[in-house]
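Observations on chain architecture
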Amino acid sequence: MPAYVYDEDGRQTAVIVPAELWNSILKKLGKEIEAELAGDETAYLLSSPAMKARLLEAMTSNDVLPWEEVKNELGLLAAGF
């Protein structure tokens, strides 16, 4: 069973989860959460053949847009960014 940690004001600040339960959660959530916890989004994206192909294509593409054009297309210039 998880154990909750509270600060001096009674606010919940953390949860201590038994390793067996944590491993079960990770298994259910799969690769996506493991990659996020590891901070390695690229590894997660590369695990998909379709995303790997898109990333490789983007890396070798000569189709680039100037930063100002990207901001304009996203509406960021109008918002003051």
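Just so it is clear, the model here is predicted, and its values are computed rather than measured. (Residues numbered from 1 in each chain as written. Predicted model: local features only at pLDDT ≥ 70, side-chain atom pairs only at ≥ 80, totals over all residues. Heavy atoms only, no water.)

Looking now at the pairing of strand β2 (residues 12–16). In the sheet, strand β1 (residues 3–6) pairs with β2 via four bridges, with the strands oriented antiparallel. Bridging across to β2, Ala3 finds its partner in Ile16. In textbook terms, the turn of a hairpin is the stretch between consecutive antiparallel strands, and for β1 and β2 this stretch comprises five residues, one of which, Gly10, has a positive phi near 85 degrees. (Pairing = 2+ DSSP bridges. Helix = DSSP H or I, 4+ residues; strand = E, 2+ residues; numbered from the N terminus.)

Residues Leu21, Trp22, Ile25 and Leu29 make up a contiguous nonpolar surface patch of roughly 330 Å² in combined accessible area. The residue Leu21 is located in helix α1 (residues 19–29) in this model. By relative accessible area, Leu21 is classed as partly exposed at 34%. (Patch = residues over 30% accessible without salt bridge, like charges linked within 9 Å, V, L, I, M, F, W, Y side chains within 5 Å. Areas by Shrake-Rupley, 256 points an atom, 1.4 Å probe, with all protein chains shown as cover. Salt bridge = Lys/Arg side-chain N within 4 Å of Asp/Glu carboxyl O. Buried < 20%, exposed > 50% of the residue type's maximum accessible area, 1.4 Å probe, protein only.)

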